[in-house]
Amino acid sequence: MIHSLFLINQSGDIFLEKHWKSVIGRSVCDYFFEAKEKAVDPENVAPVLQTPHHYLISILRGKLFFLSVIQTEVPPLFVIEFLHRVADTFQDYFGDCSEGVIKDNLVTVYELLEEMLDNGFPLATESNVLKEMIRPPTILRSVVNTLTGGSNVGDTLPTGQLSNIPWRRAGVKYTNNEAYFDVIEEIDAILDKSGTTVCAEIQGVIEACVRLTGMPDLTLSFMNPRLLDDVSFHPCVRFKRWESERVLSFIPPDGNFTLMTYHVSSQNLVAIPVYVKQNISFFETGPCGRLDITIGPKQTMGKTVEGLMVTIHMPKAVLSANLTATQGNYSYDLATKVLVWDIGKLNPQKLPNLRGSLSMQAGVPRPEENPSLNIELKIQQLAISGLKVSRLDMYGEKYKPFKGVKYVTKAGKFQVRT
Amino acid sequence: MSVSSAFNDEKGGSSSVGEPEYGHDPASGGIFSSDYKRHDDLKEMLDSNKDSLKLEAMKRIVAMIARGKNASDLFPAVVKNVACKNIEDPNQLIRASALRVLSSIRVTIIVPIMMLAIKEAASDMSPYVRKTAAHAIPKLYSLDPEQKDQLIEVIEKLLADKTTLVAGSVVMAFEEVCPERIDLIHKNYRKLCNLLIDVEEWGQVVIINMLTRYARTQFLNPNINESLLEEGSGGEKAFYGSDDDEDEDEEEKEKKAEAMAMAKRKPYVMDPDHRLLLRNTKPLLQSRNAAVVMAVAQLYFHLAPKAEVGVIAKALVRLLRSHSEVQYVVLQNVATMTIKRRGMFEPYLKSFYIRSTDPTQIKVLKLEVLTNLANETNISTILREFQTYIKSMDKDFVAATIQAIGRCATNIGEVRDTCLNGLVQLLSNRDELVVAESVVVIKKLLQMQPEKHSDIIKHMAKLTDNIQVPMARASILWLIGEYCEHVPKIAPDVLRKMAKSFTNEEDIVKLQIINLAAKLYLTNSKQTKLLTQYVLNLAKYDQNYDIRDRARFIRQLIVPTEKSGALSKYAKKLFLALKPAPVLESPFKDRDHFQLGSLSHLLNAKAGGYQELPDWPEAAPDPSVRNVEVPEWTKCSSREKRREKKVEKPFYSDSEGESGPTESADSESDSASGSESGSGSGEESGSGSASEESEEGSDSEEEEEEMEKDNKKKTKIEFKKQTIAPSSTVKSYELLHRITGEGLSVEYCFSRQPFSSDANMVAVQMQFTNNSTSETKSLHMEDVKLQSGMRVKEFAEIESLPAGESATAVMGIDFCDSTQAANFQLCTHTRKFFVSIQPPVGELMQPVFLTENEFKKEQGQLMGMNEITEKLTLDIKCRNEHAIVQRVTTTANLSRVPCGSDKEFAGRTVTSGSLVLVTVVTKDEGATQLTVNCEKMVIGTMLVKDILLALTQ
């Protein structure tokens, strides 16, 4: 299975290595660096590489590469999924998954890696189990540790590992018992030049924050579960109950977790909350082009569109942009050729507009293609698919918890072709 | 615990330059102390009595390792402290950790200690410790492969474990140590299927992949009928069918017709165990773990009936929302699937549409899928989509799109002209790369029907003035040369221009200019003779020797001189031979001979340790090997029963009958502590640590009690050894013919199952069929006549057997290890029939499990008179290992000695328990030596005869 792990930063320095079997020299990474060099763009490095004696499987998280070395057959997704789990764990422990943070918590990082993998095979990957064994660092504790020479290794034994529900700690106690659920839906869409929908779908996720005493058994039901076409669950959800009754029945992990992700059946027409009128043209004569973008509300179900932002990857020949925005700010990054227009709240009475001229490199032929627009937005208090939670029941414990459900709609991969 | 890895750190202190120092090791500066002294004080601390000092020392070691320092000389001190003392700790977590540390030390001296510890832990009462034992197995195996046999024994034991905690880990060990021992899975197959949903994610992946392989060896191809029909009707290529159906000869056709007829005669019925696997894996398509989803998807792809495979499409499409690395792997697999099962992904066409923000490698893979999905109905949508892609800024992607259009054009005749026109339009694109790629693709397309498209060739001829990309120029020149008859006026002119620019061209272009010149010379020498000679002269003095060689070669070939040999006569044939059109096909074609989802599939090359996915068997092996008998001794106290029930219904597997959440919650926490898990305190909410401790104590007492019983069970099983029979097809014999029996016919067979009430008896299964028109009543046996010592246990009376019905009954006979017949009367309410049962010698034994070493040892004690050897020549049909094993085990109820170098089989006679050992040694040309070692010489002699007959028939 997984033989070694190397963490590599963007400039190509190996800043951490961990071997679960014998030590493999860093030189094995040279094959990876070669591939990285060739790919130009870091996200174009093939996740699986073959070298004469090893296989390299890597992921890119943030700006870091997690590179694992494999010697024999193993499903590549197994390794990829595990590496992401490692990165998630770092994120969970340190609030961030960056080189600096990892270097600051090196001892904890090694302790975690040692527990997560045994002889290259995943051992404890549940955050609850890990936290029992290795406590996440806090400022206070790290001060105390430095002074007293203490460590983050937990004093209690990780009994969660023995449990059939490894995702939940035993003996959880809260004075305020609360369970919150966020229903977050993302619209993935491609609109063509004329504004017609090429394809659109809704992907949803229910993020939960559950702080309940003891061993509660929760049941979450929906008003309209038939909307959900495809679902995937946290291991705590009882699949049979879902199959037969379309309710989510589960003993929740303690704290934050993703309860389910879903896809809304494609038969339903997807409401597109905004329309975009755009005109980007590059002139044949003279080194310049024009840009004119207006955004307006379309199907917003009476809610306000917030956090509106447009990102455009310009052709390389565009040197600079001289634009005026009626609302929000714009910026053009010369190095990456990315134009970002941060609009904010969409006001239906006064539609935001961005227009002006683009100056081009002289002597270069006019770009054949028009860049596409990527749109970000957010609508509070709305699940665009119409999904509604009807009730949450708790069994197994006597107290009355606080319950809450919040809905948000966001743009996912929302692209307008020009 | 990370200490262990540092022991193997051969690199020594290699902290790279510029890397800041970490850890709190006070001695790290290197100023205070030299290396040995630093380790000395750590050793002292480890040896001290105070736990706090030990802890501090360990922490420093961890910090050292974190900086890549070598801590290997501390290893004895750590082992002494951490591992050995704790391996017998009352707390299961400490025992487990100690084993983990011990097994992570890769030093050969400790192999025996490790083996001991693993064996101990494998029968620990805590499932967590057993899990750790399973994890330790591959470690020991990699350290010393010699231990394989012993480790297989441990694996076998752990495979029988009923807890979800152990299942994943032991299957992982199985896959690393002995993936070929598929026979170990039989008895655990159903249990693994049932536990699967509760196993942790990583274990699920390993188990599903292993079961896919298992199923391929044990069940029949569910698509057999379909594929046969398809092949027969010459329609779409069969999914699992052979690839050689292009030039099949008569014989093969006959065979197929035969097979088809057989398929019709014998409708396919899915083995219930096959169904169980499909049913129990399906919910896991909803897993949050992409690896699990992929594992189930490949299982369905390789094992499910065609009509059911579709369910995986939705789940795989869902994974496309995940990280780009996941997308990359999933798309590769989808690309392979879409070649064989296009229909499955068609509804999700739009999910593969490409966004400008996708990384290029993802774009190219999506393009591949879209191309595979293209058919007559959706091609117009796909082509419209492709049109937007051509405008992309990502030029590699544009090139891939143009190739994709080319493939669509070759695959779908209806759109060929549309595609060609589209590509021709691209020839006027501003971007040279686009034009070049188009030229190359157009060239391939034109080769299919050049006569229709001379205007396109003309158009391309004009491009030579502008286009600079060498590959494209070369393609155009080749095209004009190849089809110069279609453009007789333009071709010479192109050559004229090329001759002018010859010296400035790239090498590949120069070669094509020479080619063009040669072809024109052969077809139109009047106009081009001088030009050709000019070009050849230029080439003669070229800097590149390839070009000089080519020029010399061609001159000799086409210009007739007195010296030129016989070849010049054939010049025209050589140059203007009809060339086959290139086949544009997916690079993912036929990749599915690798198990999907595997590394080997992704790389399209066999990775180390890859286990081939076997082909479906022709006939299903005996399904009864998966039967697990419920032994009689389980009829114990009520408490035992209660537990048994709980085991069947593991904690989180949602059995259908779950009535309500309240109840389930209650029973769950109860069963969690009861279901052999030994976790006890795990779920008890809010109890303090003190009470936990005590509870655990009481719980483990219970456990121990149970373990004892468990052990008893095991020893009994070991004694009986009925579980390992690789029983082959059972032969049945006639006891009573329906004519003599006046309508009642009876057949019997030796079921090779242990006879439950008496271990010394051979079980005989009888099947009664009433072929008469009236009911037969009161079927029983009477007047048993036996040789001395023999005993019979009669079958229970069958009170009535209606007309046309069948019934089975089992009787037991103790033959006293002889082949003498048991005679008795079979009575109905009206008649009596004299019948007799005479056993073949092979049925007088039952299989035993021996390792090779044990086998060799036992054999050594049965030499001389007890050994009978025969030489024989094997029948042509049974020279392969499988056939030999099959024939021997059919003849005699023996089990194969695992991983023996020869074919060795072992058993014991039923009554006296004498060992029967059979060895088959094959040499060249089917020459074979058969040896039987048995204390009972009569049995040995007869057995040799029978096996001889079976092998030579």
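Just so it is clear, the model here is predicted, and its values are computed rather than measured.

Engineer: Can you tell me about the overall build of chain A, naming the residues and giving the values?
Structural biologist: From N to C terminus, chain A includes seven helices and 23 strands. Relative to its full complement of 418 residues, chain A shows a buried share of 58%. Here the contacts in chain A between residues at least 6 apart in sequence split such that 68% fall between residues at least 24 apart. If you sum the accessible surface of chain A, you get close to 17000 Å²; carbon and sulfur atoms cover 50% of it.

Engineer: Requested: an account of the interface of chain A and chain B, with residues and values cited.
Structural biologist: Counting residues at the interface gives 107 residues for chain A and 105 residues for chain B. Each partner contributes to the roughly 9400 Å² buried at the junction of chain A and chain B, and carbon and sulfur atoms together form 56% of this total. Across the contact surface, chain A and chain B share eleven salt bridges. In this structure, Glu114(A) and Arg100(B) form a salt bridge, with 3.8 Å as the shortest nitrogen-oxygen distance.

Engineer: Tell me about helix H11 (residues 201–218) of chain B, residues and numbers included.
Structural biologist: Spanning 18 residues, H11(B) covers 25 Å between terminal C-alpha atoms, matching the ideal 26 Å at 1.5 Å per step. Summarising burial for H11(B): 17 of the 18 residues are buried, a large majority.

Engineer: Report on the nonpolar core, specifying residues and quantitative values.
Structural biologist: Of all hydrophobic cores here, the largest spans 247 residues; its most connected members are Phe66(A), Phe90(A) and Phe352(B). Element by element, the count of residues in this core is highest for helix H15 (residues 290–303) of chain B, at twelve residues. When residues no more than four places from it in sequence are discounted, the contact partners of Phe66(A) are Leu5(A), Phe6(A), Leu7(A), Ile57(A), Ser58(A), Ile59(A), Arg61(A), Leu83(A), Val86(A), Ala87(A), Phe90(A) and Cys97(A). Counting 75 residues, the second-largest nonpolar core is a separate cluster that includes Ile206(A), Val305(A), Leu354(A) and Val389(A).

Engineer: For the sheet that holds strand E1 (residues 2–8) of chain A, give the residues involved together with the corresponding values.
Structural biologist: All names here are of chain A. Spatial strand order, E2-E1-E5-E4-E3: five strands in an open sheet with antiparallel pairing. Edge strands, defined here as strands with exactly one partner in the open sheet, are strand E2 (14–19) and strand E3 (48–50). Between one strand axis and the next, the sheet turns through 20° on average, direction left out of account. Taken together, the three bridges between E3 and strand E4 (residues 55–61) define a ladder with antiparallel strand orientation. Within E4, the position partnered with valine 48 by the bridge is isoleucine 57. Against the sheet, helix H2 (residues 76–94) contacts E1, E3, E4 and strand E5 (64–70), and its axis sits at roughly 40° relative to E4.

Engineer: Requested: an account of the sheet that holds strand E17 (residues 318–325) of chain A, with residues and values cited.
Structural biologist: Residues and elements named next belong to chain A. Across the sheet, which stays open at both edges, the four strands sit in the order E14-E15-E20-E17 with antiparallel pairing between neighbours. The open sheet terminates on both sides in strands that have one partner only, identified here as strand E14 (274–282) and E17. Along the sheet, successive strands turn relative to each other by an average axial angle of 15°, direction set aside. With seven bridges joining them, strand E15 (residues 288–297) and strand E20 (residues 353–360) adopt antiparallel strand pairing. Bridge pairing links cysteine 288 to serine 359 in E20.

Engineer: Report on unusual backbone geometry, specifying residues and quantitative values.
Structural biologist: Most peptide bonds take the trans form, and the phi angle of most residues other than glycine is negative. In this structure, Lys337(A) takes a positive phi of about 60° despite not being glycine. In this fold, Lys337(A) is placed in the loop between strand E18 (329–333) and strand E19 (338–344).

Engineer: So what's going on with the environment of Tyr353(B)? Residues and values would help.
Structural biologist: Among the structural elements, Tyr353(B) can be located in the loop between helix H19 (342–345) and helix H20 (360–373). Take Tyr353(B): its relative accessible area is 3%, and that puts it in the buried class. Sequence separation of Tyr353(B) and Lys366(B) is 13 residues, and the distance between their C-alpha atoms is 7.1 Å. Once you skip the residues sitting within four places of it in the chain, Tyr353(B) turns out to touch Ile190(A), Val198(A), Cys199(A), Asp358(B), Lys366(B), Leu370(B), Thr381(B), Glu385(B) and Tyr389(B).

Engineer: Describe helix H14 (residues 272–281) of chain B, and please don't skip the residues or the numbers.
Structural biologist: Residues and elements named next belong to chain B. With respect to burial, H14 is a largely interior element, seven of its ten residues being buried. Within H14 the residues assigned to the buried category are Asp273, His274, Leu276, Leu277, Leu278, Asn280 and Thr281. Structurally, H14 contributes buried residues whose contacts are with helix H10 (189–195), H11, H15 and helix H16 (306–309). Two to three positions downstream of the cap, the backbone nitrogen of aspartate 273 sits 2.7 Å from a side-chain oxygen, assigning the N-cap of H14 to aspartate 271.

Engineer: An account of the packing of aromatic side chains is requested, with residue identities and associated values reported.
Structural biologist: Any pair of aromatic rings gets described here by the distance separating the centres and the angle formed by the planes. Under the definition given, this model contains 21 aromatic pairs over all chains. With a centroid separation of 5.3 Å and 75° between ring planes, the pair formed by Phe78(A) and Trp202(B) is classed as edge-to-face. In this pair, Phe78(A) is assigned in helix H2 and Trp202(B) in helix H11, connecting two distinct chains. Looking at Phe78(A), the relative accessible area reads 0%, which means it is buried. Its relative accessible area of 1% is what places Trp202(B) among the buried residues. Aromatic pair Tyr748(B) and Phe750(B): ring centres 5.8 Å apart, planes at 85°, arrangement edge-to-face. Residue Tyr748(B) shares its accessibility class with Phe750(B), and that shared class is buried. Taken together, Phe66(A), Phe90(A), Tyr93(A) and Phe94(A) form an aromatic cluster joined through their ring pairs. Across the ring face of Tyr93(A), the terminal group of Lys131(A) is positioned such that the distance to the ring centre comes to 6.0 Å.

Engineer: Give a description of the packing of helix H22 (residues 395–411) of chain B against helix H23 (residues 416–426) of chain B that names residues and reports values.
Structural biologist: Residue and element names in this part refer to chain B. For the pair H22 and H23, the least separation of the axes is 8 Å and the interaxial angle reads 155°. When the axes of H22 and H23 are compared, the pair comes out roughly antiparallel. The element H22 and its partner H23 pack so that their crossing is left-handed. Of the residues in H23, those in contact with Ile402, Ile405, Ala409 and Thr410 of H22 are Arg416, Cys419, Leu423 and Leu426.

Engineer: Pulling in residues and values, what's your account of the pattern of salt bridges?
Structural biologist: Residues and elements named next belong to chain B. Applying the stated rule across the entire model yields 51 salt bridges over all chains. Where aspartate 161 meets arginine 130, a salt bridge forms, and the shortest distance between an N and an O atom there is 2.4 Å. Of the two residues, aspartate 161 is situated in the loop between helix H8 (148–159) and helix H9 (164–177) and arginine 130 in helix H7 (residues 127–143); the sequence distance between them amounts to 31 residues. The buried category is assigned to arginine 130, whose relative accessible area is 5%. With a shortest N-O distance of 3.6 Å, lysine 589 and aspartate 590 are connected by a salt bridge. Exposure remark for lysine 589: the relative accessible area of 36% places this residue in the partly exposed category. On the accessibility criterion, aspartate 590 (28% relative accessible area) is partly exposed.

Engineer: Give me the environment of Val198(A): which residues, what numbers.
Structural biologist: Residues and elements named next belong to chain A. With respect to the element layout, valine 198 can be found in strand E9 (residues 197–211). Judged by its relative accessible area of 14%, valine 198 falls in the buried class. Residues valine 198 and valine 416, spaced 218 residues apart in sequence, show a C-alpha to C-alpha distance of 9.6 Å.

Engineer: How would you sum up the confidence of the model for chain B? Please name residues and give values.
Structural biologist: Residues and elements named next belong to chain B. Per-residue pLDDT for chain B has a mean of 77; in total, 78% of the residues score no lower than 70. Ranking the helices and strands of chain B by mean pLDDT puts H15 first, with 94, and helix H34 (residues 661–674) last, with 36. Per-residue pLDDT stays below 50 along residues 230–248; that stretch engages in 32 contacts with residues further than four places along the chain or on separate chains. In the model, residues 632–651 has pLDDT below 50 throughout and makes 26 contacts with residues more than four positions away in sequence or in other chains. Two summary scores accompany this predicted model of the complex, namely pTM at 0.69 and ipTM at 0.91.

Engineer: Describe a nonpolar patch on the surface, listing the residues and the values that go with them.
Structural biologist: Residue and element names in this part refer to chain B. Together, Leu567, Tyr570 and Leu574 make up a nonpolar patch on the protein surface, roughly 320 Å² of accessible area in all. With respect to the helices and strands, leucine 574 occurs in helix H31 (residues 571–576). Overall, the relative accessible area of 48% leaves leucine 574 in the partly exposed class.

Engineer: Describe in detail the pairing of strand E13 (residues 903–909) of chain B, supporting the description with residues and values.
Structural biologist: All names here are of chain B. The buried fraction of E13 amounts to six of the seven residues, a majority that puts the element mostly inside the structure. Summarising the sheet, strand E10 (residues 845–847) and E13 pair through three bridges and their orientation is antiparallel. Of the residues in E13, the one forming a bridge with proline 847 is glycine 907. Relative to strand E14 (residues 915–922), E13 runs antiparallel, the two sharing six bridges. In the strand pairing of E14, alanine 906 is matched with leucine 917.

The rules behind each value
Residues numbered from 1 in each chain as written. Chains lettered and ligands numbered in written order. Predicted model: local features only at pLDDT ≥ 70, side-chain atom pairs only at ≥ 80, totals over all residues. Heavy atoms only, no water. Helix = DSSP H or I, 4+ residues; strand = E, 2+ residues; numbered from the N terminus. Buried < 20%, exposed > 50% of the residue type's maximum accessible area, 1.4 Å probe, protein only. Contact = heavy atoms within 4.5 Å. Areas by Shrake-Rupley, 256 points an atom, 1.4 Å probe, with all protein chains shown as cover. Buried area = accessible area lost by both parts, 1.4 Å probe. Salt bridge = Lys/Arg side-chain N within 4 Å of Asp/Glu carboxyl O. Expected span 1.5 Å × (residues − 1). Core = buried A, V, L, I, M, F, W, Y, C linked by side-chain atoms within 4.5 Å. Pairing = 2+ DSSP bridges. Axes fitted to C-alpha atoms, helices over the stretch in contact; angles between N-to-C directions. Polar contact = N/O pair within 3.5 Å; in protein donor to acceptor, adjacent residues only side chain to side chain. Phe/Tyr/Trp six-rings, centres within 6.5 Å; stacked < 30°, edge-to-face > 60°. Lys NZ or Arg CZ within 6 Å of the ring centre and 35° of its normal. Parallel < 35°, antiparallel > 145°, perpendicular 65-115°, else oblique. Left-handed = near helix turned anticlockwise from the far one by under 90°. pLDDT = per-residue confidence, 0-100. Patch = residues over 30% accessible without salt bridge, like charges linked within 9 Å, V, L, I, M, F, W, Y side chains within 5 Å.

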